[in-house]
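Single-letter residue listing:
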Amino acid sequence: MENYIFELKMKVRDYECDLQGIVNNANYQHYIEHTRHEFLTSVGVSFAQLHEQGIDPVVARLNMAFKTPLTSGDEFISKLALRKEGIKYVFVQDIYRLPDLKPVIKSTVETVCVIHGRLGDSPLFNEIFAPYLK
């Protein structure tokens, strides 16, 4: 079991489903991205302000395993864990259907920072994320 540090509850909207009546695969990426942005907000970081400061966290690699489909109206919880590997921040992001907590997706998102146009280690993220890294 992952050591999750952040959770966000959400609900499937009708337009996120395809003709099969299940959430279209691309929408899961939106869910986990929204979760990362809300996590940043919860620790006092504005994605827009980062960009204005010349700091652009970007996704370098994404791996997503689909377990159980969601359907319109389903509620779910998106959970996030974090680790650092070199200059990469790796977000382990899993989604569970509510109320039964059945796994929906298991994913890892590797992010890197582009600082003033150059790939590099972010002193800001190192400081902000320090309490969450072991």
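What you see is a predicted model, and the numbers here were worked out from it, not measured in a lab. (Residues numbered from 1 in each chain as written. Predicted model: local features only at pLDDT ≥ 70, side-chain atom pairs only at ≥ 80, totals over all residues. Heavy atoms only, no water.)

Participant: Can you break down the side chain of glutamine 93 residue by residue, with the values?
Facilitator: Along the chain, the position of glutamine 93 falls in strand E4 (residues 88-97). Reaching out from glutamine 93, the side chain makes a polar contact with the backbone oxygen of isoleucine 32 at a distance of 2.9 Å. Ignoring sequence-local partners within four residues, the contact set of glutamine 93 consists of Ile32, Thr35, Arg36, Lys79, Leu80, Ile105, Lys106, Ser107 and Val109. (Helix = DSSP H or I, 4+ residues; strand = E, 2+ residues; numbered from the N terminus. Polar contact = N/O pair within 3.5 Å; in protein donor to acceptor, adjacent residues only side chain to side chain. Contact = heavy atoms within 4.5 Å.)

Participant: Tell me what's going on with the pattern of salt bridges, and back it up with residues and numbers.
Facilitator: A side chain of one charge can pair with a side chain of the opposite charge when the charged atoms of the two come close. Here the structure, examined in full by the defined rule, presents ten salt bridges. Where glutamate 16 meets arginine 13, a salt bridge forms, and the shortest distance between an N and an O atom there is 2.4 Å. Among the residues examined, arginine 13 registers a relative accessible area of 44% and is labelled partly exposed. Its salt-bridge partner being glutamate 85, residue arginine 83 comes within 2.8 Å of it at the nearest N-O pair. Connected through salt bridges with shared partners, the residues Arg61, Arg83, Glu85, Lys88 and Glu110 form a single ionic network. (Salt bridge = Lys/Arg side-chain N within 4 Å of Asp/Glu carboxyl O. Buried < 20%, exposed > 50% of the residue type's maximum accessible area, 1.4 Å probe, protein only.)

Participant: Now, about the packing of aromatic side chains: what can you tell me, with residues and values included?
Facilitator: Under the defined criterion, the tally for this structure stands at eleven aromatic pairs. Between phenylalanine 39 and phenylalanine 129, the ring centres sit 5.8 Å apart and the planes meet at 25°, which makes this aromatic pair stacked. Of this pair, phenylalanine 39 sits in helix H1 (residues 25-42) while phenylalanine 129 sits in helix H3 (residues 123-129), and the two are 90 residues apart along the sequence. There is no split in this pair, since phenylalanine 39 and phenylalanine 129 are both buried. (Phe/Tyr/Trp six-rings, centres within 6.5 Å; stacked < 30°, edge-to-face > 60°.)

Remember, this is a structural readout, not a statement about activity or role.
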